[in-house]
Amino acid sequence: MGNFKHSILVFLVLLSLSFNAIAQNGLQLINDSIYGDVLTLRKMDIQAMDDGKVFIAYYNAGLSIYENGNLTFLNTDNSMLPSNRVNDISIFNNKVYLATENGIAIYENGVINFPGGGLQGLQIESVIADAYNLYALCSSDDFVDSLAIFNGNVWQFKQFPGYTRSFLNNSPMLLHEGTLYFGCRNEGLFAYKSDNFEHILYNVSVNDLVYHKNRLWISLSTSNTEGEYILLYNPLNETIVKFSNHYAYEEIHKTIGSTFSLTEDGKIRIIYGYQTQLVVNTIGEGTHELMIYPDQSLNYTRYNSTDEVNGKIYLTTWSYLPAILIDVDLHQNFLSGFWSRNLKTLDINKVGATAKSYGSMFFDGNIYPRYQVPIDSNTNTIFASGIWIGGYDQSDNLHLSAVRYGENPGSGISLYDFAPGPLQRIGENQGVGDTTSSNKYDRIWKIDRYDIEQFNYTYKLKSFTIPDDMEDWPGNSDEQENLAPFVDQNNDGIYDLNDGDYPKIRGDQMLWWVMNDNTHPNEETGGTPLGVEMHHSLYGYRYDNPIDEYTELINYQTYLNVKVVNSSPEKYDSVYIGVWVDGDIGNPADDYIGCDVERNSFYFYNADSYDETFQNYYGYGYNPPVQTVTILNGPLADADGIDNDLDGIVDNERIKMSKFLYYNNINQGSNSAITDPFEAQDYYNYMTGHWKDGTHVCYGGNGHISGGGNSDIPCNYMFPGETDPTGIGTNGIPQPAWSEETEDNNPDDRRGLCSIGPFTLEAGEEAEVDILFAYIPNDGTRNGDFNYQPKLDSLITWFDENRIPNNYEDADALGIKDQKTAEVSVSPNPAKDYFDVRSNQFMKQVDILDINGRLIDRKAMNNTHYRISSKALKQGVYLLRIETDKGITSRKLVIQ
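From a predicted model like this one, the values you see are computed outputs, not experimental measurements. (Residues numbered from 1 in each chain as written. Predicted model: local features only at pLDDT ≥ 70, side-chain atom pairs only at ≥ 80, totals over all residues. Heavy atoms only, no water.)

A. Representation of the overall build of the chain. A count of helical and extended segments in the chain gives 6 helices and 57 strands. Counting every position in the chain, which comprises 896 residues, the buried fraction comes to 58%. Total accessible area on the chain stands at roughly 36,100 Å², and carbon and sulfur atoms take up 44% of it. (Helix = DSSP H or I, 4+ residues; strand = E, 2+ residues; numbered from the N terminus. Buried < 20%, exposed > 50% of the residue type's maximum accessible area, 1.4 Å probe, protein only. Areas by Shrake-Rupley, 256 points an atom, 1.4 Å probe, with all protein chains shown as cover.)

Laid out in structure tokens, this is it:
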């Protein structure tokens, strides 16, 4: 797991501001830190005029006016301001209404006055004005007439039902078509109209209000009984709906304490904090776009005020930190955070495997793992994983790019080597990427085979609602003719659903994304980019009716195909591809690691038979599983004219696991030579089987001479146990078994790296790697004696022989049932009211399954012909499984 897992002088002052640009995304801080202390500078509100003046209210510092990069402070010493505590600001007709601890003041053209005496002596929580009245919410001791209304001549007071002073602490107010809405602390939302109060929402604290598209949008700083933080109220029928049902809701985010603003072109923005990020969700007609500002400690529990003028958003929080200014025109979304567009989860079976459009896999980008097995169990076996690549150009310069957590150890700042998108393959800009392309491809496409099956049978009828990821599949691109793989029905080279084209996927569900190392500098490693693209296909299979415990295994597996494309004009040699994994078997603090030379695998396992829960990381309890990482296929080795694998074919050998080592978390007090890499050379050393100090990994101890390693026995594989009987990793000289258990190591947090190489990567050449992340459930024996190998052997064999069990394969294709099946026909097909099943053998049973393999109906029989009603079946694709004496035969059925 990552390292991040484990604190007045009152006078008129003109301050010259220093703006801190963040991530080149148009976000700046209005820096008032030299004015006063923490409590003094707590912000209460912010509002802007059309002419660009911005007014900021303070808890105990009065009012500041920001204009042209400068701040001017007003307070009780240098102005007529009645109090230095300003709770609320409202602007109407170029007048600035101020709610203070000592009444109401109006600021206009540098002059302060008091409407109707300004209610001096009363604490005013909120103020708002329209063309007819001025409204104020009062919260003073023993003052029950809490709503004050000024008509230009006199004040009228309305008794707020059930009033206590705490109700109106910083209450948001909104006027719309003669109705005054105001939120309360813990008491919900009220409306005042025609001299009557109405209680609309109960038992929550309201943070902000805005009226948009005939709805009152309500932001809460405490959730309602359904766990909602944003609600939409329809005044016409007095109904409330949940924002979580809205198309623009981001399920991975918490919108607690959000605030709203409206754009000049009729859109609404929801602004909130998520983890360490500030998020701006802009919602239009059927669309929404997130602007995310990461790693700036902008995740506050509550954003208390927002205003937007001339394309600039002004924002304050319940804190002492500076106010925020966002210039929307300067925002660049690429490399700015993760949301539902660029962070998706493979969830077809019993694994929840989350990937991002750039950066490490199986990691939420902040502090938590996202490789959950079984899915929805809160237990994870992998914290993070990423692909490394490095090699030398023809001038002997090292080029290297890598992915781990997206930061250098302990920095807490996001640093990435890769960006979303492909690179130019032709012309003068070969191997070059740009921000526009990265914004376009800052996305993961998620495709289900079920949708493809539905499309194949219904696309001509136009009766299937095509998912967005299938509609927008990047089969063609401006950067290169063909990009994401697709089935081209008319062979015209153009991805067109109208021609029946569809995405070509692996498995029953696949995530696909592309990233490159040449759009921006390599921030994480400091290495020189190679100019490569990496096309990722993360996929899994589902098998709902497994025949035995072995075929059940497929539901716990995740596969990854990575296609590396050298889009640069350079030729690289001594190239290695690294597969890096930070494995956590539930509790990350009690793990061991090892490798299996014969199976091209490395694996993580618990050091004892019980895996405890540790902090926020759920343990597996008794008999924890083994998580393996297996190289199933690799790039072609450089030609040497020798039949190295003795298969009768010269130079067809593929490289799989060439090296394996593990290194320690830098915080564990180990020799610094065997801890987290910092520089590009460190990464390359690890991929070539060397430590950071340049010494070769050696056999025994912890693999380093300082920790008991035998310098006379350099080796390629750490902790192979008994899986290298012929000494492949030790220059052909067999060695005694070596594992963490034989060394009696202290279990802890482990991260491992296997590498594939060396090989040559020509300009324009592609290299592919296939990886299996194999979860092997424990069969009940003690983990140290738990033999994962037979089940892993089955998984490897299924891949090699292209017969992985899943819902879309006929049962007899698994090699388990009798291969001599009966002749079976199904008609009509497509069917509407009924269908006939005929066979030349007596049929014992017909099962009707949906396209995901779930049993819908079962018909027992003893006949060669059977008519089945289909009126109860919905439109779609089904699977018929027909059992006869000859075995089981499967047929597809379409219901119209």
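B. Up close: the nonpolar core. Counting residues in hydrophobic clusters, the biggest one holds 86 residues, and the most contacted among them are Leu538, Val579, Phe660, Met718, Ile771 and Phe773. Once you skip the residues sitting within four places of it in the chain, methionine 718 turns out to touch Cys595, Phe660, Leu661, Tyr662, Trp691, Val697, Asn702, Gly703 and Trp738. (Core = buried A, V, L, I, M, F, W, Y, C linked by side-chain atoms within 4.5 Å. Contact = heavy atoms within 4.5 Å.)

C. Inspection of the pattern of salt bridges at higher detail. Scanning the entire structure with this criterion turns up 34 salt bridges. Taking the shortest distance from any N to any O, the salt bridge between arginine 599 and glutamate 598 comes out at 3.8 Å. Owing to a relative accessible area of 14%, arginine 599 belongs among the buried residues under this scheme. A salt bridge links arginine 858 to aspartate 847; its shortest N-O distance comes to 2.7 Å. With arginine 858 in strand 55 (residues 855-869) and aspartate 847 in strand 54 (residues 834-850), this residue pair connects regions lying 11 residues apart in the sequence. Residue arginine 858 is classed as partly exposed on the basis of its relative accessible area, which comes to 43%. Each of Arg404, Glu524, Asp582, Asp676, Asp749 and Arg751 takes part in a single network of salt bridges with overlapping partners. (Salt bridge = Lys/Arg side-chain N within 4 Å of Asp/Glu carboxyl O.)

D. Spotlight on unusual backbone geometry. For the bond running from serine 827 to proline 828, omega is -10°, close enough to zero to count as cis. Along the chain, the position of proline 828 falls in the loop between strand 53 (824-827) and strand 54. Note that the residue after asparagine 829, namely proline 830, is joined by a cis bond; omega there is 15°. Topologically, proline 830 is positioned in the loop between strand 53 and strand 54. Notably, asparagine 93 is not glycine yet its phi reads approximately 55°, a positive angle. With respect to the helices and strands, the residue asparagine 93 is situated in the loop between strand 7 (86-92) and strand 8 (95-100). If you check the backbone angles, asparagine 203 has positive phi at about 60° while not being a glycine. You can see asparagine 203 is positioned in the loop between strand 18 (196-201) and strand 19 (206-212).

E. Expanded view of helix 5 (residues 680-687). The buried fraction of helix 5 amounts to 7 of the 8 residues, a majority that puts the element mostly inside the structure. For helix 5, the set of buried residues is Ala680, Asp682, Tyr683, Tyr684, Asn685, Tyr686 and Met687. Buried positions along helix 5 lie against strand 33 (380-392), strand 34 (398-401), strand 42 (572-583), strand 48 (659-663) and strand 51 (750-761).

F. Spotlight on the sheet that holds strand 20 (residues 215-220). Ordered by their spatial adjacency, 4 strands build an open sheet running 19-20-21-22, and the pairing between neighbours is antiparallel. Unpaired on one side and paired on the other, strand 19 and strand 22 (239-242) mark the two borders of the sheet. Recorded for the sheet is a direction-independent mean angle of 25° between the axes of neighbouring strands. (Pairing = 2+ DSSP bridges. Axes fitted to C-alpha atoms, helices over the stretch in contact; angles between N-to-C directions.)

G. Spatial organisation of the sheet that holds strand 23 (residues 259-262). Strand order in the open sheet formed by 4 strands is 23-24-25-26, and the pairing between neighbours is antiparallel. A strand with exactly one partner marks an edge of an open sheet, and here the two such strands are strand 23 and strand 26 (288-293). For this sheet, the mean angle separating the axes of adjacent strands, direction not counted, is 20°. For strand 23 and strand 24 (residues 268-274), the ladder comprises 4 bridges, and the chain directions are antiparallel. Residue pairing for strand 24: phenylalanine 260 is matched across the bridge by isoleucine 270.

H. Examining the confidence of the model for the chain more closely. Model confidence for the chain is summarised by a mean pLDDT of 86, while 89% of its residues fall at 70 or above. Confidence over residues 1-24 falls short of pLDDT 50; this stretch has 86 contacts with residues more than four positions distant or in other chains. (pLDDT = per-residue confidence, 0-100.)

I. Examining the pairing of strand 18 more closely. Bridge count between strand 17 (residues 188-193) and strand 18: 5 bridges; the pairing is antiparallel. Bridge pairing in strand 18 places tyrosine 192 opposite phenylalanine 197. If you look at the hairpin formed by strand 17 and strand 18, you'll find 2 residues sitting between the two strands, and serine 194 has a positive phi there, around 55°.

J. Geometry of a negative patch on the surface. A contiguous patch of negative charge on the surface is contributed by Asp638, Asp640, Glu765 and Glu766. Looking at where glutamate 765 falls in the secondary structure, it is placed in the loop between strand 51 and strand 52 (766-776). (Patch = residues over 30% accessible without salt bridge, like charges linked within 9 Å, V, L, I, M, F, W, Y side chains within 5 Å. Lys, Arg positive; Asp, Glu negative; His and termini not counted. Charge placed at Lys NZ, Arg CZ, Asp CG, Glu CD.)

K. Examining the pairing of strand 4 (residues 54-58) more closely. In terms of residue burial, strand 4 counts as a mostly covered element, since 5 of its 5 residues are buried. Neither face of strand 4 is exposed, since Val54, Ile56 and Tyr58 on one face and Phe55 and Ala57 on the opposite face are all buried. Pairing between strand 3 (residues 43-48) and strand 4: 5 bridges, direction antiparallel. Paired with glutamine 47 across the strands is phenylalanine 55, a residue of strand 4. In the sheet, strand 4 pairs with strand 5 (residues 63-67) via 4 bridges, with the strands oriented antiparallel. Across the sheet, the residue bridging to phenylalanine 55 is isoleucine 65, located in strand 5. The hairpin turn running from strand 4 into strand 5, its antiparallel successor, is 4 residues long, and glycine 62 in that turn takes a positive phi close to 80°.

L. Geometry of the environment of threonine 864. Structurally, the position occupied by threonine 864 is in strand 55. Here threonine 864 is in contact with Val837, Arg838, Ser839, Gln841, Phe842 and Met843, once residues within four sequence places are set aside.

M. Spotlight on the packing of aromatic side chains. For the coordinates displayed, the defined rule picks out 43 aromatic pairs. Considering the side-chain rings of phenylalanine 338 and tyrosine 358, the 4.9 Å spacing of their centres and the 35° angle between planes classify their relative orientation as tilted. Placement of phenylalanine 338 in the loop between strand 29 (323-327) and strand 30 (343-346) and of tyrosine 358 in the loop between strand 31 (352-356) and strand 32 (371-372) is noted, with a sequence separation of 20 residues between them. Each member of the pair, phenylalanine 338 as well as tyrosine 358, is classed as buried. For the ring pair phenylalanine 383 and tyrosine 405, a centre distance of 6.0 Å and an interplane angle of 65° mean the geometry is edge-to-face. Of this pair, phenylalanine 383 sits in strand 33 while tyrosine 405 sits in the loop between strand 34 and strand 35 (419-420), and the two are 22 residues apart along the sequence. Look at phenylalanine 383 and you get buried, because its relative accessible area is 0%. (Phe/Tyr/Trp six-rings, centres within 6.5 Å; stacked < 30°, edge-to-face > 60°.)

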